[in-house]
Amino acid sequence: MSALTAIGSRKGARRLMLISAGNYPLPARQEAIYALWRSQEIRAERLFIRLSSALDREEEYTRDMATEALGNTRFRATSQRALSERLFDPSVSVRYAALCAAGDVGIRNASIPPTCDRGQTCRPVKSG
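So, how was this worked out
- Residues numbered from 1 in each chain as written.
- Predicted model: local features only at pLDDT ≥ 70, side-chain atom pairs only at ≥ 80, totals over all residues.
- Heavy atoms only, no water.
- Buried < 20%, exposed > 50% of the residue type's maximum accessible area, 1.4 Å probe, protein only.
- Helix = DSSP H or I, 4+ residues; strand = E, 2+ residues; numbered from the N terminus.
- Arc of directions from axis to C-beta.
- Contact = heavy atoms within 4.5 Å.
- Phe/Tyr/Trp six-rings, centres within 6.5 Å; stacked < 30°, edge-to-face > 60°.
- pLDDT = per-residue confidence, 0-100.

## Considerations on helix H4 (residues 45-52)
Listing the buried residues of H4 in full gives Glu45, Leu47, Phe48, Leu51 and Ser52. Here the buried residues of H4 occupy an arc of 160 degrees about the axis, which is enough to place them on one side. Looking at the buried residues of H4, the elements they touch are helix H2 (10-21), helix H3 (26-38), helix H5 (60-69) and helix H6 (77-86).

## Here's the deal with the packing of aromatic side chains
Taken as a whole and assessed by the stated rule, the structure comprises 1 aromatic pair. Centre to centre, the rings of tyrosine 34 and tryptophan 37 are 5.8 Å apart; their planes meet at 80 degrees, and the pair counts as edge-to-face. Taken together, the positions of tyrosine 34 and tryptophan 37, both in helix H3 and 3 residues apart, correspond to about one turn of that helix.

## Some details on the confidence of the model for the protein chain
Across the protein chain, pLDDT averages 80, with 73% of residues at or above 70. Per-element mean pLDDT across the protein chain ranges from 44 in strand S2 (residues 121-123) up to 95 in H4. For residues 114-128, every residue scores under 50 in pLDDT, and the model assigns this stretch 13 contacts once sequence neighbours within four places are set aside.

Structure (structure tokens):
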């Protein structure tokens, strides 16, 4: 992994994105996510967002890694929205990862997801 990050291979990054999203063994997928995260591969932003929000399809640790990896996509509105949504994730681990990633991104005025009164009426929360 360290050789790939030192080289910064675009072809290697594409292959890692395919492994992360594909039907590969879980450890291989998680290592590919980690390598993309450590190489600060900005092109993986959509992949990280999709993996971090896949409650029913992804293991908690995989979602945790993808969430924290979003911290590398600095100041992108889509990443900030995804991180603000992950702050309310059912998993404590994913919420913590979102908090760490938000610190990396420097979130200040991210859009905050709506709150619901007993699951009935949803309204946006005003920040500030």
